[in-house]
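Secondary and tertiary structure notes
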Amino acid sequence: MNMNSMRRKVAIIGSGLGGLSCGYILQRNGYDVTVFEKNAVLGGCLQCFRRKGAVFETGMHFIGSAAPGQTMDKMMRYLGITSDVRLSQLNPSAYDTVSLGGQRYEFPNGKEQFIEKMSSYFPREKDAIVRYYDIVNKIASASTLHSLTSETRDVAIDTEYQQRSMNDVMDELFNDTLLKNVLVGNLPLYSAELNKTPFSQHAFIMDFYNQSAFRVEGGSDAIAKSLVKSIERLGGQVITSAKVKRIVCDATHAIGVETIDEQLHTVDYVISTVHPARTVEMLEDTNLIRPAFRSRIRSLPQTSGCFAVYVKFKEGVMPYMNTNYYGYRGDTPWNCEHYTASDWPKGFLYMHMCHEDKAKWAKSGVILSYMNMEDVAPWVGTHVGRRGDDYEAFKTSHAERLLNEVETHFPGLRAAIDSYYTSTPLTYIDYTGTEGGSMYGVAKDITMGAAGRVPYRTKIPNVLLAGQNVNSHGMLGVLVGTIVTCSELVPSDIIYRQISNQFINE
């Protein structure tokens, strides 16, 4: 008898990091996995595109805690991607640079270096900076993934700071307003909002990158390609151009997924890693999902959208910038998502792509700034490449304004540009299926309590959720959600033991 025929079958919807990491873990632990991707190109936010020989990343621009022995290094070894994915370390003395009020502030890796550097900018606040770092460390240590164990951690501190806003905690810790704003200067990484975003989210991300920070050499799609290769090597499947239009259920549970070509794929479990609003749409014809849950999912707040300018530089002209640069017009990073037609953009995130380790010259880069869905509402329902001349004029106008803003921080930028390309929240909808063109899906909002969270279980016993909306976005957040979801099918202690032992080939 074919052993694969005895394996329980799992359909995974979406081939982003969440879908592919779930697929890998389950395939290596005795399940028969098929990943369904609606687009011709797989990878979700790991996707890259290429123009004139330059590579452009669309979502995953850098990762943290990936130095030998650190959390992400162990996860990457477990996922079997270290042999295919080459990393290039960001400047350990300044992996992030925040520009506020015309002054630049550099963020170094490591506890002592971080405290020393921030204290050099704000000497009167040194004791408070030490307390801040200790709180960040305690919150991060409460995560099971941080310690790579299923043992119970300090749940109390995690809960406390999930219920308190970033600015509330900052106000309690510091007197210096500028210092508070500098420390949250990377908030575009998670689209933080004043009085809403929990301090715990800031703490996890700060700790993740402060350990170490790296870009993926040659583009983040190498992560997706490696995971696909591993899934297929273990006997699983990853199918592109296979949009799931319906999760088919009987009276008690899901029996399979139906793709756009009317094919029914019968399975034992379904894991959806796409936006929960898209998942609910796939379950329209079953009464196993209550109307109240459908309504709650549809009403969840979304993170802001963004406008991106992808820049191809002239050869040998733009020095490679080995830091991530957050530039603000004023003295605060907050509320940049609330803008008018006249004061946009209030801020931006500017990064270079890494085509080779220790590069001298940059080949390409990206500039990101907030853009709300209302700005592109006239073109909702149109498709890539067919939105019309008005849309192209809109994008060009905004690209020129954004480039002018970055030029004030980096004189000579324009002279180094060979060509550029753009995207809007509509692009995110087309390529990732997110709701409202949001960058990171569902927003974390302390004012909503439990009603603002997306569960990994559904009322359908064999339908689970994963991806950036279940826990958090980014490589760390998505992989935490992956482990939680996969633990429904594979005991978590087994997964953590495999990670710790780094059994790559079984």
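Our subject is the structure listed above.
This text gives an overview of the structure that appears in the document. As the structure is a prediction and not an experimental result, all values here were calculated from the model.

The rules we used
- Counting starts from 1 at the beginning of each chain's written sequence and moves along it residue by residue.
- pLDDT decides what is reported in this predicted model: residues at 70 or higher carry local features, side-chain atom pairs at 80 or more are listed and counted, and totals for whole chains, interfaces and linings draw on all residues regardless.
- To get the side-chain values, take all heavy atoms of the structure and skip hydrogens and water.
- Secondary structure counts use DSSP, requiring at least four H or I residues in a row for a helix and at least two E residues in a row for a strand, with both numbered from the N terminus.
- We compute the radius of gyration over the C-alpha atoms and compare it with the globule rule, which gives 2.2 Å times the number of residues raised to the power 0.38.
- Only protein chains enter the area calculation, which uses a 1.4 Å probe; residues under 20% of their type maximum are buried, those over 50% are exposed, and those in between are partly exposed.
- Here, residues are in contact when the closest pair of their heavy atoms is within 4.5 Å.
- Each accessible area is a Shrake-Rupley result for a 1.4 Å probe, and residues are judged covered by the shown protein chains and nothing else.
- Note on charges: Lys and Arg go in the positive column, Asp and Glu in the negative column, and His and the chain ends are not counted at all.
- By convention, the charge on Lys lies at NZ, on Arg at CZ, on Asp at CG and on Glu at CD.
- Between Lys or Arg on one side and Asp or Glu on the other, a salt bridge is scored when a side-chain nitrogen of the former is within 4 Å of a carboxyl oxygen of the latter.
- What the arc covers is the set of directions going from the helix axis to the C-beta atoms.
- Residues are called lining when one of their atoms sits within 4 Å of a cavity or pocket point, these points coming from a 1 Å grid over the protein atoms alone, where a cavity is a set in which a 1.4 Å probe fits but cannot get out and a pocket is an open set with protein on both sides within 12 Å along at least five of seven lines.
- Grid points are joined across faces, edges and corners, and a volume is the space filled by probe spheres set on the points.
- Here the nonpolar group is Ala, Val, Leu, Ile, Met, Phe, Trp, Tyr, Cys and Pro; Asp, Glu, Lys and Arg are the charged ones; every other residue, Gly included, is treated as polar.
- Each nonpolar core is a collection of buried residues, namely Ala, Val, Leu, Ile, Met, Phe, Trp, Tyr and Cys, held together in the definition by side-chain atoms within 4.5 Å.
- We call two strands paired when DSSP finds no fewer than two bridges between them.
- For helices, the fitted axis covers only the stretch in contact; all axes are lines through C-alpha atoms, and the angles between them, taken along N-to-C directions, range from 0 to 180 degrees.
- N or O atoms closer than or at 3.5 Å make up a polar contact, with two conditions inside protein: a donor-capable atom paired with an acceptor-capable one, and, for residues adjacent in sequence, both atoms drawn from side chains.
- Oblique is the label for any angle not under 35 degrees, not over 145, and not in the 65 to 115 range, which are roughly parallel, roughly antiparallel and roughly perpendicular in turn.

1. Comments concerning the overall build of the protein
Helices and strands together make up the secondary structure of the protein, namely 17 helices and 20 strands. Since a compact globule built from 506 residues should have a radius of gyration of about 23 Å, the 22 Å found for the protein is in line with a globular shape. Based on the C-alpha atoms only, the size of the protein along its principal axes is roughly 70 × 55 × 45 Å. The 506 residues of the protein split such that 57% are buried. The contacts of the protein with a sequence gap of at least 6 include a subset with a gap of at least 24, amounting to 72%. Counting every atom, the protein has about 20,500 Å² of accessible surface; 50% of that belongs to carbon and sulfur. Positive and negative side-chain charges of the protein, numbering 51 and 54 respectively, have mean locations separated by a distance of 3 Å.

2. Comments concerning the pattern of salt bridges
All told, the structure shown has 26 salt bridges when counted by the stated rule. One salt bridge in this structure joins arginine 50 and aspartate 221, with 3.1 Å as the shortest N-O distance. Of this pair, arginine 50 sits in strand β3 (residues 48–51) while aspartate 221 sits in helix α11 (residues 221–233), and the two are 171 residues apart along the sequence. Among the salt bridges present, the one from lysine 229 reaches aspartate 84, with a minimum N-O distance of 2.8 Å.

3. Examining helix α13 (residues 291–299)
For α13, the set of buried residues is Phe293, Arg294 and Ile297. One face of α13 carries all of its buried residues, which in axial projection span an arc of 100 degrees. Turned more than 90 degrees from where α13 packs its buried face, Pro291 and Ala292 sit exposed. Considering only its buried residues, α13 is in contact with α12 (276–282).

4. Digging into the layout of surface pockets
Vacant regions in the atomic arrangement are exposed by a probe of water-molecule size rolled over the atoms. One number sums up the size of the second largest pocket: a volume of about 660 Å³. For the second largest pocket, the lining is made up of 28 residues, of which Phe49, Thr422, Ser423, Thr427 and Tyr431 are closest to its centre. Contributing elements (two or more residues each) for the lining of the second largest pocket: β3, α14 (389–409), β19 (417–423) and α15 (425–432). Of the residues belonging to the lining of the second largest pocket, the class tally is twelve nonpolar, eleven polar and five charged.

5. Some words on the nonpolar core
Ranked by size, the top nonpolar core spans 106 residues in total, and within it Met72, Phe114, Tyr132, Phe199 and Met475 carry the most contacts. Here methionine 72 is in contact with Ile63, Gly64, Ser65, Ala66, Phe208, Met475, Leu476 and Leu479, once residues within four sequence places are set aside. Core analysis: the second largest hydrophobic core is formed by 31 residues, Val309, Ile367, Trp379 and Leu403 among them.

6. Observations concerning the sheet that holds strand β12 (residues 254–259)
Spatially, the three strands line up as an open sheet ordered β11-β12-β13, and their pairing is antiparallel. At either margin of the open sheet sits one strand with a lone partner, and together these are β11 (244–249) and β13 (264–266). Put simply, the sheet's adjacent strands are angled 25 degrees from each other on average, direction ignored. In the sheet, β12 pairs with β13 via three bridges, with the strands oriented antiparallel. Each residue of the ladder has a partner; that of valine 257, found in β13, is histidine 265.

7. Things to note about empty space enclosed by the protein
Following the criterion strictly, the structure yields four cavities of 30 Å³ or more and no others. Around the largest cavity, the lining residues are Pro188, Cys306, Tyr328, Cys336, Gly347, Phe348, Leu349, Leu368, Ser369, Tyr370, Met439 and Tyr440. Put simply, the parts of the chain that give the lining of the largest cavity at least two residues each are β17 (347–352) and β18 (364–370). Class assignment of the residues belonging to the lining of the largest cavity gives a composition of ten nonpolar, two polar and no charged. Of the voids in this model, the second largest cavity is the one considered here, and its volume is about 70 Å³.

8. Brief notes about the environment of threonine 424
By secondary structure assignment, the location of threonine 424 is in the loop between β19 and α15. In sequence terms threonine 424 and phenylalanine 394 are 30 residues apart; their C-alpha atoms lie 10 Å from each other. Dropping the residues within four chain positions of it, threonine 424 is found in contact with Cys306, Phe307, Met371, Val376, Tyr391 and Lys395. Of note is the side chain of threonine 424, whose polar atom sits 2.7 Å from the side chain of tyrosine 391.

9. Overview of the side chain of aspartate 207
Tracing the sequence through the fold places aspartate 207 in helix α10 (residues 199–211). One buried charged residue, aspartate 207, remains without a salt bridge, the closest side chain of opposite sign being lysine 111 at 10 Å. Polar contacts involving the side chain of aspartate 207 include one to the side chain of glutamine 211, which spans 3.0 Å.

10. A few points about the packing of helix α5 (residues 126–141) against α10
Interaxial distance between α5 and α10 falls to 8 Å at its minimum, and their mutual angle equals 95 degrees. Classified by the interaxial angle, the pair formed by α5 and α10 is roughly perpendicular. Residues Tyr132, Tyr133, Ile135, Val136, Asn137, Ile139 and Ala140 of α5 form the contact with α10, whose own contacting residues are Phe199, Ser200, His202, Ala203, Phe204, Met206, Asp207, Asn210 and Gln211. For the contact of α5 with α10, the per-class residue count stands at ten nonpolar, five polar and one charged.

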